[in-house]
There are 6 protein chains.
Amino acid sequence: MPYVKIEVTREGVTREQKQALIKGVTDLMTEVLNKDPQLTFVVIQEYDLDNWGHAGEQVSVLREKGITAERKK
Amino acid sequence: MPYVKIEVTREGVTREQKQALIKGVTDLMTEVLNKDPQLTFVVIQEYDLDNWGHAGEQVSVLREKGITAERKK
Amino acid sequence: MPYVKIEVTREGVTREQKQALIKGVTDLMTEVLNKDPQLTFVVIQEYDLDNWGHAGEQVSVLREKGITAERKK
Amino acid sequence: MPYVKIEVTREGVTREQKQALIKGVTDLMTEVLNKDPQLTFVVIQEYDLDNWGHAGEQVSVLREKGITAERKK
Amino acid sequence: MPYVKIEVTREGVTREQKQALIKGVTDLMTEVLNKDPQLTFVVIQEYDLDNWGHAGEQVSVLREKGITAERKK
Amino acid sequence: MPYVKIEVTREGVTREQKQALIKGVTDLMTEVLNKDPQLTFVVIQEYDLDNWGHAGEQVSVLREKGITAERKK
């Protein structure tokens, strides 16, 4: 009966992306641990950019400087 | 000095219900563990229905299908 | 589908007390919010006394000074 | 810069399964949200069976009754 | 690679105060544990006053009674 | 009445370091937000290296490769 919490910055995560995260994590729990999806909760918590800090800086400040958390190509 | 976090979907929980949860949990900590209420925190975190997943589906989708988390009569 | 986390210091909480907490919180979610117990998780996280701080002091130090978190009679 | 916490009962999850969960969740964050893996943390918290409750019962008791959280075949 | 979560009531915490908390905690992790700031996340979660309970009462009620969490002078 | 949780890998954090973290965070809450230390909890949660993932790898594996989370000199 897993409980999984995903914490991310609030930067336009769409309803479809949230559904994909929920589905993906639930499937993973079944594939890896054989857990019953009926007993798996996945929650997504979004934080305002002023409320998340990385390397001692607010993410809102990092974004103003053009620093993102996106995958490097 | 207990800390208790209650996580639920945001579906119209009233101020009175929140107070009842806080009072009920605090009393339980005193009854079962003899904890001083002055040292007990209870927090309630509400999630949008798009942000809670059960069985691989968003609760917002489950509700549209008429599936609730209410006690079966 | 509530998820409730109870955090306490590890000070001899018995199996029976844990069961009483789980039962008590689950019943409370049903009484106050009409939630289905089948969809309610309650978890208990215990912390070593060195790992919990109150008023800037480790609880292990507070206990050595005779300060407890018990209800005042 | 996502942070993901996976909470499960402590029932023999192997090192390889933990690695699969960490890899799977990290990949999912990249696929769905284009997040940089270098900025993704995944933590796994395991609970003793006495410390997890479902439907008002300790999981240790549920297991003694033969009730598991495994996927129904 | 520490992750630190600060939970407080939502009572007018300013952007500058949030930055000071993020900077202060990140520096502390470096001073005490020699952690790389690049691998330190600090998140701030604010709760509505109805959603935080102390001593069995909602903080919103405590505030109406003139009870604050401010340092005693 | 802040609650702060510090999550780190279990890599020999000493009792004195834990005390320094607890004291440092509590003082910070007072300095920045004027919070009463009597109403501030700080908890430290340590994770086994197999249970923390960064960039899709277990920290136990990263450490075997000589990769640390220490501050770069």
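This text follows the structure it describes.
Residues numbered from 1 in each chain as written. Chains lettered and ligands numbered in written order. Predicted model: local features only at pLDDT ≥ 70, side-chain atom pairs only at ≥ 80, totals over all residues. Heavy atoms only, no water.

### Section: the overall build of chain A
So the rule is basically this: Counting from the N terminus, the helices are the DSSP runs of H or I reaching at least four residues and the strands are the DSSP runs of E reaching at least two. It is over C-alpha atoms that the radius of gyration is taken, and the globule rule equals 2.2 Å times the number of residues to the power 0.38. Classification of residues uses two cut-offs on accessible area relative to the type maximum, computed with a 1.4 Å probe and protein chains only: under 20% is buried, over 50% is exposed, and between them is partly exposed. Only heavy atoms matter for contacts: two residues are in contact if any of them lie within 4.5 Å across the pair. Accessible areas in this description were obtained via Shrake-Rupley with a 1.4 Å probe; residue shielding takes into account the shown protein chains only.
Looking only at helices and strands, chain A features two helices and four strands. Along chain A, from the amino end to the carboxyl end, the secondary structure elements read β-α-β-β-β-α. Taken over the C-alpha trace, chain A has a radius of gyration of 15 Å; the compact-globule value for 73 residues is 11 Å, which it surpasses by more than 25%. For chain A, with 73 residues in total, the buried portion stands at 62%. Taking all contacts inside chain A whose residues are at least 6 apart in sequence as the whole, residues at least 24 apart take part in 62%. Accessible surface, chain A as shown: approximately 2,900 Å² in total, 50% of it carbon and sulfur.

### Comments concerning the side chain of Thr26 of chain A
What counts is decided by this rule: As used in this structure description, the phrase polar contact means that two N or O atoms lie within 3.5 Å; if the pair is within protein, one of them must be able to donate a hydrogen and the other to accept it, and residues adjacent in sequence are counted only when both atoms belong to side chains.
Structurally, Thr26 of chain A can be placed in helix H1 (residues 15-33). Accessibility expressed as a relative area gives 2% for Thr26 of chain A, which makes it buried. Polar side-chain contacts of Thr26 of chain A include one of 2.7 Å to the backbone oxygen of Ile22 of chain A. Once residues lying within four places of it in the same chain are set aside, the contact partners of Thr26 of chain A are Pro37, Thr40 and Val42 of chain A together with Ala55 and Gly56 of chain B.

### Observations concerning the arrangement of the chains
Chain E makes no contact with chain C, the minimum C-alpha separation between the two being 11 Å. Contact between chain A and chain F is absent, and the minimum C-alpha spacing across the pair is 11 Å.

### Quick look at the environment of Arg71 of chain C
Mapped onto the secondary structure, Arg71 of chain C falls in the segment after helix H2 (59-64). When its relative accessible area of 39% is taken as the criterion, Arg71 of chain C is described as partly exposed. Each residue touching Arg71 of chain C, except ones within four places of it in the same chain, is listed here: Thr30, Asn34, Lys35 and Asp36 of chain B.

### Here's the deal with the environment of Val32 of chain A
In this structure, Val32 of chain A sits in helix H1. Sequence separation of Val32 of chain A and Thr68 of chain A is 36 residues, and the distance between their C-alpha atoms is 31 Å. Setting aside residues no more than four positions away along its own chain, Val32 of chain A makes contact with Gln17, Ala20 and Leu21 of chain D.

### Section: the interface of chain D and chain A
What counts here: In short, buried area is how much 1.4 Å probe accessible area vanishes from two parts on joining, totalled over both. By salt bridge we mean one thing: a side-chain nitrogen of Lys or Arg within 4 Å of a carboxyl oxygen of Asp or Glu.
Between chain D and chain A, the contact holds 34 residues from the first and 35 residues from the second. For the pair chain D and chain A, the summed buried area comes to about 3,100 Å², and 66% of that belongs to carbon and sulfur atoms. Of all residues in chain D, the largest losses of buried area upon contact with chain A belong to Met1, Asn34 and Arg71 of chain D, amounting jointly to 21% of the total for that side. Taken together, the links from chain D to chain A amount to two salt bridges.

### A look at the relation of the copies chain D and chain A
Using the following cut-off: Least squares is the method used to superpose the copies, on C-alpha atoms of residues holding a pLDDT of at least 70 in both.
When chain D is fitted to chain A, the best match, at an RMSD of 0.0 Å, comes from turning it 180 degrees and sliding it 0.0 Å along the axis. Given the turn and translation reported, the copies of this chain are related as if by a two-fold rotation axis. Among all residues of chain D, the minimum C-alpha distance to the rotation axis is found for Lys5 of chain D, at 2.6 Å. Most of the interface of chain D is mirrored in chain A: 100% of its interface residues are interface residues there too.

### Examining the sheet that holds strand S3 (residues 52-54) of chain F
Spelled out, the test is: When DSSP locates at least two bridges between a pair of strands, those strands are taken to pair.
Strand order in the open sheet formed by eight strands is S4(B)-S3(B)-S2(A)-S1(A)-S1(D)-S2(D)-S3(F)-S4(F), with mixed pairing between adjacent strands. The sheet is open, and its two edges are formed by strand S4 (57-58) of chain B together with strand S4 (57-58) of chain F, each paired on a single side. Sheet topology note: the strand S1 (residues 3-9) of chain A/strand S1 (residues 3-9) of chain D ladder contains five bridges and is antiparallel. Bridge pairing in S1 of chain D links Tyr3 of chain A to Glu7 of chain D.

### A look at the interface of chain D and chain C
What counts here: We call Asp, Glu, Lys and Arg charged. Ala, Val, Leu, Ile, Met, Phe, Trp, Tyr, Cys and Pro are nonpolar, and the rest, Gly among them, are polar.
Chain D puts 16 residues into the contact, and the matching count from chain C is 17 residues. Carbon and sulfur atoms supply 42% of the area that chain D and chain C bury against each other, a total of about 1,400 Å² over both sides. Of all residues in chain D, Asn51, Gly56 and Gln58 of chain D bury the most surface against chain C, accounting for 36% of the area lost on that side. Scanning the region where chain D abuts chain C turns up three salt bridges. The shortest N-O distance in the salt bridge between Glu64 of chain D and Arg15 of chain C comes to 3.3 Å. Summed over the shared surface of chain D and chain C, the number is 17 residue pairs in polar contact (both at pLDDT 80 or more). The set of elements that each furnish at least two residues to the side of chain D that touches chain C consists of S1, strand S2 (41-47), strand S3 (52-54), strand S4 (57-58) and helix H2 (59-64) of chain D. In the side of chain D that touches chain C, the residues fall into four nonpolar, seven polar and five charged.

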